[in-house]
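Chain and residue survey
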Amino acid sequence: MTSIGWIISSAVVAVLGTTFAGVVATMHKKVVKDRWGKVDFKKTDIYFYWTRWDTIILISAIYTFLCIIGLFIFLLRGDTIASPIIQFFIHQTFVFSLLTFIWLITKLAFVYKGIKERWSDEFK
């Protein structure tokens, strides 16, 4: 049973990831799209103020930081990769740092695209 840490970590990732995705997905109904399916930034302002998406990004980043600290503490204690706790923290740190980064880049892309499309006429 040397891989129990990976199994538990995968279950935690599935539960937290699904919860986070569910919270973010409920905001989709507030996005106005044009007839081609693209976001109409002149009618949609959800990307320009603090939303649940930003809160989820912040929670995910804090959780990632706590996992890094936990990993560091157990490595200093002398645990190895065979330890289920080290396996858990390595997996959590990797998955949630990647998830946080992707969510943040996606959010920034929407904000920048919205600024470009919404206020481009005013700056000409």
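A short tour of the structure in this document, coming up. Note that this is a predicted model, so its numbers are computed, not measured.

When you go through the protein chain residue by residue, the secondary structure sums to 3 helices and 0 strands. Listing the helices and strands of the protein chain from first to last along the sequence gives α-α-α. Rg of the C-alpha trace for the protein chain: 19 Å, well past the compact-globule value of 14 Å for 124 residues, more than 25% over. With the C-alpha coordinates aligned to their principal axes, the bounding extent of the protein chain is approximately 60 × 25 × 20 Å. Buried positions account for 33% of the 124 residues belonging to the protein chain. Here the contacts in the protein chain between residues at least 6 apart in sequence split such that 72% fall between residues at least 24 apart. Accessible area of the protein chain: about 8,200 Å², with a carbon and sulfur share of 72%.

Below, the discussion takes up the packing of aromatic side chains. The final tally for this structure, using the stated rule, is 8 aromatic pairs. Taken together, a centroid distance of 6.3 Å and an interplanar angle of 65° make the contact between Y47 and W53 edge-to-face. The exposure class of Y47 is buried, given its relative accessible area of 9%. Where Y47 meets F110, the ring centres are 4.7 Å apart and the plane angle is 5°; that geometry is what we call stacked. Linking Y47 in the loop between helix 1 (4-25) and helix 2 (52-76) with F110 in helix 3 (residues 84-119), this pair joins segments that are 63 residues apart in sequence.

Conventions used here
Residue numbering note: each chain is counted from 1, following its sequence as written. In view of the model being predicted, local features appear only for residues whose pLDDT reaches at least 70, and side-chain atom pairs are presented and counted only at 80 or more, with totals across whole chains, interfaces and linings using the full set of residues. Side-chain numbers come from the whole structure's heavy atoms, not from hydrogens or water. Only DSSP runs of H or I covering at least 4 residues are called helices, and only runs of E covering at least 2 are called strands; the numbering of each starts at the N terminus. Here the radius of gyration uses the C-alpha set of atoms, whereas the globule reference equals 2.2 Å times the residue count to the power 0.38. Categorising residues by exposure relies on relative accessible area from a 1.4 Å probe, with only protein chains included: less than 20% of the type maximum marks a residue as buried, more than 50% marks it as exposed, and the intermediate range marks it as partly exposed. Here, two residues are considered to be in contact whenever any of their heavy atoms come within 4.5 Å of each other. A 1.4 Å probe and the Shrake-Rupley method give the accessible areas. Residues count as covered only by the protein chains that appear here. To pair, rings of Phe, Tyr and Trp, with the six-membered ring standing in for Trp, must have centres within 6.5 Å; the planes then decide the type, stacked if under 30 degrees apart, edge-to-face if over 60, and tilted in the middle.

Coordinates in, geometry out; function isn't part of it.
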